[in-house]
Amino acid sequence: MEQGQETFQAEDFYRLADVALEIIVRFDRAGNILYGNRQAKEDLGYGEELTKISLFTLFPAELQQEEGAKEAFLDKVAEMGEGMMYRKNGTCFPVRMTAVVDGPYCLIFAINVAKRIETERKLVRMKEEMEETIKVRNEFVANVTHELRTPVNGIRGHVTNMLEAGATGEQKRTLEIITRCCENMSAIITNILDFSKLGAGKFTLEQKEFNFYQMVNHAVETNIMAINAKGLHIMVNIDKAIPEFLIGDELRLTQILNNLLSNAVKFTSVGYINIEVTKTVQFDDEIELFFVVSDTGIGISQEEKDKLFKSFSQVDASITRKYGGTGLGLAITKQLVELMHGSIHLDSEKGKGSSFSYSVRLHVAQDKKGENSVRGQFEFINQNQDMSKFENIGEIFHYGTPENVGELRSKMEKLVLCMEVGAWDRAETFSHNIKELLEEGPQELKKAAFRLEMNVRKEKYDKAMEQFSNLKGLFEENIGGI
Ligand code: ADP
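So, here is what we can say about the structure in this document. These figures come from a predicted structure and were not determined experimentally. (Residues numbered from 1 in each chain as written. Predicted model: local features only at pLDDT ≥ 70, side-chain atom pairs only at ≥ 80, totals over all residues. Heavy atoms only, no water.)

### Some points on the overall build of the protein
Formally: Starting at the N terminus, helices and strands are each numbered in turn, a helix being any DSSP run of H or I of at least four residues and a strand any DSSP run of E of at least two. Exposed residues in this analysis have more than 50% of their type's maximum accessible area, buried residues have under 20%, and partly exposed residues fall in between, with area computed by a 1.4 Å probe over protein chains only. Whether two residues are in contact is decided by their heavy atoms: any pair within 4.5 Å suffices. Computed by Shrake-Rupley with a 1.4 Å probe, the accessible areas treat only the displayed protein chains as cover when residues are assessed.
Counting secondary structure elements, the protein contains 16 helices and 12 strands. By residue count, 40% of the 482 residues in the protein fall in the buried class. Sequence-distant contacts in the protein: of pairs separated by 6 or more residues, those separated by 24 or more amount to 63%. Only carbon and sulfur atoms are counted for the fraction: they give 53% of the accessible area of the protein, which is about 26,700 Å².

Following this line, the structure appears as structure tokens:
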């Protein structure tokens, strides 16, 4: 033996075999067992007596008729991929195995697959139980949401009657708040029902002809009050190559756009919201549209992005408190987009705004091909003429830039109007925007903006007006006629 060469004895092999998870059995060419590892003794229940029996006892079903056939059984063993191994007590278990039959080396390596089969059975049972639970849950959700909708509609109807009967002053304001609460509640109920239906795979899309431009217009119209109330700008740009009449589920398309648009409004206090729609592919009458809904709002960080599109997920609890919502909107939106054979994607940077893009596949209405007559009549379509104003949207927060000064003047104008009419909620938003826009400004202006916000918050008209004049004077003086 050369120096440094290691010897590997049978004892070394047995020691290693004892730590293996497989059953390892060594036997001679007549089938007599010479060795069984720890796992073999344990699983087969023989202990040390294992070396007193033959392989035929362990595999009676497969090898019994081979007994006495001298070495012919070795061929049989070599090709046995699976079999039933019998314990000392007569019970058996299925194994998957490999055998080595090579000169004096006759070995079987077997894995007890009974445990695996049991685990698989358990998994199937768990899956069935889960499906049953989901079914029961969906039925429950459908019933509960239905039961909730009825009283909400009842309250809303009565409140509408009271408003129409001529409620005034404080009473009118209270009734309007109740109406808004009912609308929110209805929206939440609808979301929960949709979510449950989507989860149960019971959601079918309609395939009906609709006017695409009208659909976009409706979604914008639904949000226009909130957009105006916050002093935001909206731009809508639709690729002229998109036919006017398409076939698809108009209601669900509106829902997708509306979800993204209302989020954009909700999470943006200064700047603009932009909707772009382009035609990416058309093959025969199948058309793919690509939507981008972007805003200059609070943005979403990378870690937060991973949580989005999952049900009930809002990026953090403080957002829920401040802005409300159930965190179901994006989860539903994603599933709807996927049902329309598309995908949704988010680009965003914390503090700089978000851009949600998605694609959907629709069909072109055959008999209306090329008819684009009434596109122009929709109010919001292709309203991007003042786009240049926002080319440097980042500049809006840099004190003294034309974008910053323009936005400050516009917010101040709106603030005064709101204070005049006593719309204190909106006034507070504007005074807060002004403070944000002055973030990089001189100390005295920042202080004035702070005092103004405090007084607006307290809804003190005289004090707030005084602070406003002070701030405006300081600002104009400082900016020097930009
Ligand atoms: P919700 O119905 O509560 O608004 P969504 O699923 O629509 O739930 O949105 C989940 C969360 O994603 C929101 O609570 C918000 O934190 C974040 N988010 C969605 N859209 C925007 C956006 N345009 N700008 C910033 N954050 C957003």
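Next comes the rest of the account.
### As for the packing of aromatic side chains
Operational definition: Each Phe, Tyr or Trp ring (for Trp, its six-membered ring) is paired with any other whose centre lies within 6.5 Å, and the angle between the two planes then decides the class: stacked below 30 degrees, edge-to-face above 60, tilted in between.
In this structure the tally under the stated criterion is six aromatic pairs. Ring geometry for Tyr14 versus Tyr35: centroids 3.9 Å apart, planes at 20°, classification stacked. Taken together, the residues span a long stretch of sequence, with Tyr14 in helix H1 (residues 10-17) and Tyr35 in strand E2 (residues 33-36) at a distance of 21 residues. Note on Tyr35: relative accessible area 10%, which makes it buried. For the ring pair Phe212 and Phe291, a centre distance of 6.0 Å and an interplane angle of 65° mean the geometry is edge-to-face. Residue Phe212 is found in helix H8 (residues 212-229), and its partner Phe291 is found in strand E10 (residues 286-295); the two are separated by 79 residues along the sequence.

### A short note on the pairing of strand E8 (residues 245-248)
Applicable threshold: Between any two strands, at least two bridges found by DSSP are needed for them to pair.
One ladder, built from four bridges, connects strand E6 (residues 208-211) with E8; its direction is antiparallel. Looking at E8, one finds that Phe210 is bridged to Leu246. Examined bridge by bridge, E8 and strand E12 (residues 353-364) share two bridges and lie antiparallel to one another. Residue pairing for E12: Leu246 is matched across the bridge by Val364.

### Quick notes on the packing of helix H9 (residues 250-266) against helix H12 (residues 329-339)
For clarity, the threshold we go by: Each axis is a line fitted through C-alpha atoms, and for a helix only the stretch in contact is used; angles between axes span 0 to 180 degrees, taken between their N-to-C directions. Two helices cross in a left-handed way if the nearer one is turned anticlockwise from the farther one by less than a right angle. They cross in a right-handed way if the turn is clockwise.
Where H9 contacts H12, the two axes come as close as 10 Å, and the packing angle between them is 145°. The hand of the H9/H12 crossing is left-handed. Only Gly329, Leu330, Ile332, Thr333, Leu336 and Val337 of H12 make contact with H9, whose side of the interface consists of Arg252, Gln255, Ile256, Asn259, Leu260 and Asn263.

### Quick look at the side chain of Asp295
Test applied: The charge count includes Lys and Arg as positive and Asp and Glu as negative, but it does not include His or the ends of the chains. Whenever Lys or Arg places a side-chain nitrogen within 4 Å of a carboxyl oxygen from Asp or Glu, that contact is recorded as a salt bridge. We define a polar contact as two N or O atoms separated by no more than 3.5 Å, with the added condition that, inside protein, one atom must be a possible hydrogen donor and the other a possible acceptor, whereas residues neighbouring each other in sequence contribute only through side-chain atom pairs.
With respect to the helices and strands, Asp295 occurs in strand E10. Despite its burial, Asp295 remains without a salt bridge, the nearest opposite charge being carried by Lys230 at 9.8 Å. Within the structure, Asp295 has its side chain in polar contact with the backbone nitrogen of Gly297 (distance 2.9 Å). The residues contacting Asp295, other than those within four sequence positions of it, are Ala264, Thr268, Tyr272, Ile273, Lys352, Gly353 and Ser354.

### Things to note about the pattern of salt bridges
For the coordinates displayed, the defined rule picks out 23 salt bridges. Between Glu82 and Arg96 there is a salt bridge; the shortest N-O distance is 3.8 Å. Taken as a pair, Glu82 in strand E3 (residues 82-86) and Arg96 in strand E4 (residues 92-102) lie far apart in primary sequence, 14 residues in all. With a closest N to O distance of 3.5 Å, Arg156 and Glu183 form a salt bridge. Pair noted here: Arg156 is in helix H6 (residues 114-164) and Glu183 is in helix H7 (residues 169-199), with a separation of 27 residues, a long-range link. Given a relative accessible area of 28%, Arg156 falls into the partly exposed group. Through salt bridges with shared partners, a single network forms among Glu428, Lys435, Glu453 and Arg457.

### Some remarks on the pairing of E10
Within E10, eight of the 10 residues are buried, leaving the element largely enclosed by the surrounding structure. The hairpin turn running from strand E9 (residues 272-283) into E10, its antiparallel successor, is two residues long, and Asp284 in that turn takes a positive phi close to 55°.

### Structural notes on the nonpolar core
A general trend in soluble globular proteins is that nonpolar side chains are found buried together. Note the following rule: Buried Ala, Val, Leu, Ile, Met, Phe, Trp, Tyr and Cys residues that are joined via side-chain atoms within 4.5 Å together make up what is termed a nonpolar core.
By size, the foremost hydrophobic cluster in this structure holds 49 residues, and its most contacted members are Phe212, Ile234, Leu246, Leu257, Leu289 and Tyr358. For this core, the element with the most residues is H8, which contributes eight residues. Met419, Ile434, Leu452 and Met465 belong to the second largest nonpolar core, which has 27 residues in total.

### A closer look at the sheet that holds E2
The antiparallel open sheet is built from five strands, whose spatial order is E2-E1-E5-E4-E3. Edge positions in the sheet fall to E2 and E3, since each of these pairs with one other strand and no more. Within the sheet, the average angular offset between the axes of one strand and its neighbour, ignoring direction, is 35°. Examined bridge by bridge, E3 and E4 share five bridges and lie antiparallel to one another. Bridge assignment links Met85 to a residue of E4, and that residue is Phe93. Packing against the sheet, H1 makes contact with strand E1 (23-27), E2 and strand E5 (105-112), and its axis sits at approximately 150° to E1. This element, helix H5 (residues 72-79), spans E1, E4 and E5 of the sheet and lies at about 115° to E4.

### Quick look at unusual backbone geometry
Located in the positive-phi region is His341, a residue other than glycine, with phi close to 60°. If you trace the backbone, His341 turns up in the loop between H12 and strand E11 (344-349). A positive phi angle, near 60°, is found at Glu459, a position not held by glycine. By the secondary structure assignment, Glu459 is in the loop between helix H15 (443-457) and helix H16 (461-479). For Glu459, a relative accessible area of 47% corresponds to the partly exposed category.

### With respect to H12
Every buried residue of H12 is listed here: Gly329, Leu330, Ala331, Ile332, Thr333, Leu336 and Val337. Each element contacted by the buried residues of H12 is listed here: H7, H9, E11 and E12. The first or second residue beyond H12 is His341, which carries a positive phi of 60°.

Purely geometric numbers; function is a separate question.
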